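Below, each chain spelled out in residue letters.
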Amino acid sequence: MFVCAVRANTLKFIGIIGAAVLSLALLVLFIPSYETVTTGAIAEAAGSFRYDKIKSEADVRAFLEQFGWQVSESPTEQVDIRIPGQFDKVMNAYNELQKSQGLDLSRYRDKDVVRYTYQVTNYPDYNGTVYANVIVYKHKVIGGDICSSDVTGFITGFIQENKK
């Protein structure tokens, strides 16, 4: 004959574990999955521009010209950089700018990339120096911006406001 004794504390423990497993299962079933969603305007704009086949400085200039930017003949700077593995507050804000133009740097964490910087010569209604930064990974543009060099300047995406 087999005798098994179960104490009240053991029953409480099994009940708590069971409730936790049930709660977790319900969360998995009923919480929707969230994906990065691009608006129709971003998708439409991104679809009409080429982000690939960047193999030379001329290709980078041609990439910027498709957005209407005229830039210097040679880059002001061409440097190898590493996308950080963990994004801080500044990097998260910069990545939000990238997401607003249909790009996302978070997929390239801990990757070595090349950043090309050109001086923009046709930025409208601004007298200061403006730069175009283009971030390239394996012959594909993965990010970038148009920004001023002033302390109180600006930073924006590739698409000009009047061309949206």
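As a reminder, the structure under discussion sits directly above these lines.
Computed from a prediction, not measured in an experiment: that's the story for all the values here.

About the cut-offs
Residues numbered from 1 in each chain as written. Predicted model: local features only at pLDDT ≥ 70, side-chain atom pairs only at ≥ 80, totals over all residues. Heavy atoms only, no water. Buried < 20%, exposed > 50% of the residue type's maximum accessible area, 1.4 Å probe, protein only. Helix = DSSP H or I, 4+ residues; strand = E, 2+ residues; numbered from the N terminus. Arc of directions from axis to C-beta. Contact = heavy atoms within 4.5 Å. Expected span 1.5 Å × (residues − 1). Polar contact = N/O pair within 3.5 Å; in protein donor to acceptor, adjacent residues only side chain to side chain.

Participant: Provide a residue-level description of helix α3 (residues 57-65), including the pertinent values.
Facilitator: For α3, the complete set of buried residues consists of Val 60, Arg 61, Phe 63 and Leu 64. All buried residues of α3 lie within an arc of 155° about the axis, which places them on one face of the element. Where α3 is buried, its residues contact β2 (112-120), β3 (130-137) and β4 (140-148).

Participant: So, helix α4 (residues 89-100): which residues are in play, and what are the values?
Facilitator: A rise of 1.5 Å per residue sets the reference length of α4, with its twelve residues, at 16 Å; its end C-alpha atoms lie 17 Å apart and thus fit the reference within 8%. For α4, every residue scored as buried is listed here: Met 91, Tyr 94, Asn 95, Leu 97 and Gln 98. The buried residues of α4 occupy an angular sector of 150° when the element is viewed end-on, so they sit on one face. Sitting at the amino-terminal end of α4 is Asp 88, which places a side-chain oxygen 3.3 Å from the backbone nitrogen of Val 90. Positive backbone phi, at 85°, marks Gly 102, one or two positions downstream of α4.

Participant: Could you give an account of the environment of Gln 160, with specific residues and numbers?
Facilitator: By secondary structure assignment, the location of Gln 160 is in the segment after β5 (155-156). Here the alpha-carbon distance between Gln 160 and Tyr 123, two residues 37 residues apart in the chain, equals 9.2 Å. Those residues in contact with Gln 160 that lie beyond four places of it in its chain are Phe 67, Gly 68 and Trp 69. Within the local environment of Gln 160, its side chain forms a polar contact with the backbone oxygen of Gly 68, the two atoms lying 3.1 Å apart.

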